[in-house]
Amino acid sequence: MVADALDALQNDFEGCETIAFADLSTQMILITNTGTSHRRETLDSLCAEAALTLGTSKKIAVGTAPSSTAIVAEPEQLRVFLRADKEPSDVLCCVFRPGLDIATFLPAARACLEQISSGG
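Summary of the structure given here. (Residues numbered from 1 in each chain as written. Predicted model: local features only at pLDDT ≥ 70, side-chain atom pairs only at ≥ 80, totals over all residues. Heavy atoms only, no water.)

**What to know about the side chain of Asp23**
Next up, step 1: Among the structural elements, Asp23 can be located in strand β1 (residues 16-23).
Next up, step 2: The charged side chain of Asp23 is buried without a salt bridge, its nearest counter-charge being Arg83 at 8.8 Å.
Next up, step 3: A polar contact of 2.6 Å, which involves the side chain of Asp23, links it to the side chain of Ser25.
Next up, step 4: Beyond its immediate sequence surroundings of up to four residues, Asp23 is in contact with Met28, Leu30, Cys47 and Ser89. (Helix = DSSP H or I, 4+ residues; strand = E, 2+ residues; numbered from the N terminus. Buried < 20%, exposed > 50% of the residue type's maximum accessible area, 1.4 Å probe, protein only. Lys, Arg positive; Asp, Glu negative; His and termini not counted. Salt bridge = Lys/Arg side-chain N within 4 Å of Asp/Glu carboxyl O. Polar contact = N/O pair within 3.5 Å; in protein donor to acceptor, adjacent residues only side chain to side chain. Contact = heavy atoms within 4.5 Å.)

**Some details on the pattern of salt bridges**
Next up, step 1: Inspection of every chain in the model, using the stated rule, returns four salt bridges.
Next up, step 2: Where Arg39 meets Glu41, a salt bridge forms, and the shortest distance between an N and an O atom there is 3.5 Å.
Next up, step 3: We classify Arg39 as exposed; its relative accessible area is 59%.
Next up, step 4: Taking the shortest distance from any N to any O, the salt bridge between Glu74 and Arg79 comes out at 3.2 Å.
Next up, step 5: Accessibility expressed as a relative area gives 40% for Glu74, which makes it partly exposed.
Next up, step 6: Each of Glu49, Glu74 and Arg79 takes part in salt bridges that share partners, so that together they form one network.

**Quick notes on the packing of aromatic side chains**
Next up, step 1: By the definition in use, this model includes two aromatic pairs.
Next up, step 2: When the centroid spacing of 5.0 Å and the interplanar angle of 90 degrees are considered together, the rings of Phe13 and Phe105 count as edge-to-face. Taken together, the residues Phe13 in the loop between α1 (2-12) and β1 and Phe105 in helix α3 (residues 102-117) connect sequence positions 92 residues apart.
Next up, step 3: In this structure Phe105 comes out as buried when scored by relative accessible area, which is 0%.
Next up, step 4: Look at Phe96 and Phe105: their rings are 4.8 Å apart centre to centre, the planes differ by 75 degrees, and that puts the pair in the edge-to-face class. (Phe/Tyr/Trp six-rings, centres within 6.5 Å; stacked < 30°, edge-to-face > 60°.)

**Brief notes about α3**
Next up, step 1: With 16 residues, α3 extends 21 Å between its outermost C-alpha atoms, agreeing within 8% with the 22 Å of an ideal straight helix rising 1.5 Å per residue.
Next up, step 2: For α3, the set of buried residues is Phe105, Ala109, Arg110, Cys112, Leu113, Glu114, Ile116 and Ser117.
Next up, step 3: Its buried side turned inward, α3 meets α1, β1, β3 (69-73), β4 (78-83) and β5 (90-96).
Next up, step 4: Looking one or two places after α3, you find Gly119, whose phi comes out positive at around 85 degrees. (Expected span 1.5 Å × (residues − 1).)

**What to know about the sheet that holds strand β2 (residues 28-32)**
Next up, step 1: Read from one edge to the other, the open sheet built from five strands follows the order β2-β1-β5-β4-β3, with strand pairing classed as antiparallel. Among the strands making up the open sheet, the edge pair consists of β2 and β3. Here the strands of the sheet are splayed against their neighbours by 20 degrees on average, with no regard to which way each runs.
Next up, step 2: Sheet topology note: the β1/β2 ladder contains four bridges and is antiparallel. Of the residues in β2, the one forming a bridge with Ala22 is Ile29.
Next up, step 3: Contacting β1, β2 and β5, α1 runs over the sheet at an angle of about 145 degrees to β1. (Pairing = 2+ DSSP bridges. Axes fitted to C-alpha atoms, helices over the stretch in contact; angles between N-to-C directions.)

The values are spatial; any link to function lies outside them.
Structure, rendered in C-alpha cells:
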C-alpha cells in the first residue's frame, strides 16, 4: 500500500528518480518507490541529509525549530524533504532530475506523506 502511494506520486512527476519514506527517529529509510535504482548506501545518505536539513527532535541543524520542508538544488539533481504534520519523525525524501515543478509537486507530495503517515 505504501509502495503503491510512492509509485503513484513518482508516476505523476517526470524526472523523479526516487521517493522514499523514512523515520528520522531511527534515521532509516523504511520503503522506497519500486522503481528506485539507488543503492542502500545512497538511501542512507539521503536520510541523513533529511535529518540534517529538517532537524530531528534531538538536534536542530538550521534555524531555531525543526523545519517541515527542505529543498536542496544542485546542477544535476534536486532533493526535496518533507516532514509529516502529525508524526514529525515521518518524512519523504525525494530525488529529481532538474526541471521539477515545485509548486505542483509539494502539495501532492504532502498529501501522499500525510496519507502514509496516518496509516491510510
